[in-house]
Amino acid sequence: MGRGRRAGLRPRDGARPAGGGAAPPGRNTLLSAPGSPLVVVDYAHTPAALAAAVSTAADLRPCGRVHLVLGARGARDRWKRQGLGEAARAADEVWLTNEGSHGEDPAAIVAELAVGLLGSDARVQTVLDRREAITGAVDTAGPDDVVLVVGRGHETLLQDAPGQVDAATAVRFSDADVARSALGSGRRRAAC
């Protein structure tokens, strides 16, 4: 989403792939239902990518709020956790959650993300169960809002959802499928 903005594209154009083809799954995947928020599922997993994604999400619905579902992988890239939290400051509401802990304590990972959010105006809550975090964000967002679910994108296995340590025992989990389910069962509200 961020590259399109830098290239001068409008937000609605930046959400579509160049050349008119379909976006790869989990890359700026847009989901919607009447009377519900727009949900964007994206792989943004670096501080710079997250900052661009949050900025573009805000442009997609200028009169709404940005609800961000954010986690970080365990057992790798520990250096970027605080930076992800700092990039999340631009969101209105942040749901910190498990993204696959790979044997690391999910609460400790989320605590490192939260350091970057210290002093932020964003409403921050921790919901370690990723399904509950995505569903909660969709259910509390208004029809003019954007729910941005980042980090896993196209991935369909959640490793270390308590006790799983390798792909053979990982839990099947798709951010987009969970968001679609939440959109399908959510309450409908009139837009402003």
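In this text the structure is predicted, and so the values were computed from the model without any measurement. (Residues numbered from 1 in each chain as written. Predicted model: local features only at pLDDT ≥ 70, side-chain atom pairs only at ≥ 80, totals over all residues. Heavy atoms only, no water.)

1. Description of the side chain of Gln-125
Turning to step 1, where the next piece is worked out: The topology assignment puts Gln-125 in strand β5 (residues 123-126).
Turning to step 2, where the next piece is worked out: Here Glu-93 takes part through its side chain, which lies 2.8 Å from a polar atom of the side chain of Gln-125.
Turning to step 3, where the next piece is worked out: If near-sequence neighbours (up to four positions away) are discounted, Gln-125 is found in contact with Glu-93, Val-94, Trp-95 and Leu-96. (Helix = DSSP H or I, 4+ residues; strand = E, 2+ residues; numbered from the N terminus. Polar contact = N/O pair within 3.5 Å; in protein donor to acceptor, adjacent residues only side chain to side chain. Contact = heavy atoms within 4.5 Å.)

2. Side note on the nonpolar core
Turning to step 1, where the next piece is worked out: Membership of the largest hydrophobic core comes to 26 residues, with the highest contact counts inside it found for Leu-50, Leu-68, Leu-70, Val-94 and Leu-148.
Turning to step 2, where the next piece is worked out: Put simply, the parts of the chain that give this core at least two residues each are β2 (38-42), α3 (47-60), β3 (66-70), α4 (81-88), β4 (93-96), α5 (106-115) and β6 (146-150).
Turning to step 3, where the next piece is worked out: Of the residues forming this core, the biggest block, five residues, is contributed by α3.
Turning to step 4, where the next piece is worked out: In this structure Leu-50 touches Ala-44, Leu-68, Leu-70, Leu-84, Ala-87, Ala-88 and Val-150, once residues within four positions along its chain are discounted.
Turning to step 5, where the next piece is worked out: Ile-134, Ala-137, Ala-141 and Ala-176 belong to the second largest nonpolar core, which has 19 residues in total. (Core = buried A, V, L, I, M, F, W, Y, C linked by side-chain atoms within 4.5 Å. Buried < 20%, exposed > 50% of the residue type's maximum accessible area, 1.4 Å probe, protein only.)

3. Structural notes on the confidence of the model for the chain
Turning to step 1, where the next piece is worked out: Taken residue by residue, the chain gives an average pLDDT of 82. The fraction at 70 or more is 72%.
Turning to step 2, where the next piece is worked out: The low-confidence segment residues 188-192 (pLDDT under 50) makes 16 contacts with residues lying over four places distant or belonging to another chain. (pLDDT = per-residue confidence, 0-100.)

4. Observations regarding the packing of α4 against α5
Turning to step 1, where the next piece is worked out: Running from amino to carboxyl end, α4 crosses α5 at an angle of 55°, the nearest separation of the two axes being 6 Å. Taken as axis vectors, α4 and α5 run oblique relative to one another. As for the relative orientation of α4 and α5, their crossing is right-handed in sense. Along the contact surface, α4 presents Arg-81, Gln-82, Leu-84 and Gly-85, while α5 presents Ile-109, Glu-112, Leu-113 and Val-115. (Axes fitted to C-alpha atoms, helices over the stretch in contact; angles between N-to-C directions. Parallel < 35°, antiparallel > 145°, perpendicular 65-115°, else oblique. Left-handed = near helix turned anticlockwise from the far one by under 90°.)

5. Observations concerning the pairing of β4
Turning to step 1, where the next piece is worked out: Residues of β4 alternate between two faces, with Glu-93 and Trp-95 on one and Val-94 and Leu-96 on the opposite face, all of them buried.
Turning to step 2, where the next piece is worked out: Note that β3 and β4 share four bridges and pair parallel. By the bridge assignment, Leu-70 is partnered in β4 with Leu-96.
Turning to step 3, where the next piece is worked out: Handedness of the β-α-β unit built from β4, α5 and β5 comes out right-handed. (Pairing = 2+ DSSP bridges. Right-handed = clockwise from strand over helix to strand, strands pointing away.)

6. Observations regarding the environment of Val-94
Turning to step 1, where the next piece is worked out: By secondary structure assignment, the location of Val-94 is in strand β4.
Turning to step 2, where the next piece is worked out: Each C-alpha atom, one on Val-94 and one on Val-147, is 9.8 Å from the other, the two residues being 53 residues apart in sequence.
Turning to step 3, where the next piece is worked out: Ignoring any residue separated from it by four or fewer positions in sequence, one finds Val-94 in contact with Leu-68, Ala-88, Leu-117, Ala-122, Arg-123, Val-124 and Gln-125.

7. Details of the environment of Pro-62
Turning to step 1, where the next piece is worked out: Tracing the sequence through the fold places Pro-62 in the loop between α3 and β3.
Turning to step 2, where the next piece is worked out: For Pro-62, a relative accessible area of 71% puts it in the exposed group.

8. A word on the packing of helix α6 (residues 130-140) against helix α7 (residues 175-185)
Helix-helix packing is characterised by the crossing angle of the two axes and by the distance between the axes.
Turning to step 1, where the next piece is worked out: At a closest axis distance of 9 Å, the pairing of α6 and α7 adopts a crossing angle of 40°. With respect to α7, the element α6 is oriented oblique. In the packing of α6 onto α7, the handedness of the crossing is right-handed. Here Arg-130, Arg-131, Ile-134, Thr-135, Val-138 and Asp-139 of α6 come into contact with α7, specifically with Asp-175, Val-178, Ala-179, Ala-182 and Leu-183.
Turning to step 2, where the next piece is worked out: Of the residues contributing to the contact of α6 with α7, the split by class is six nonpolar, one polar and four charged. (Nonpolar A, V, L, I, M, F, W, Y, C, P; charged D, E, K, R; others polar.)

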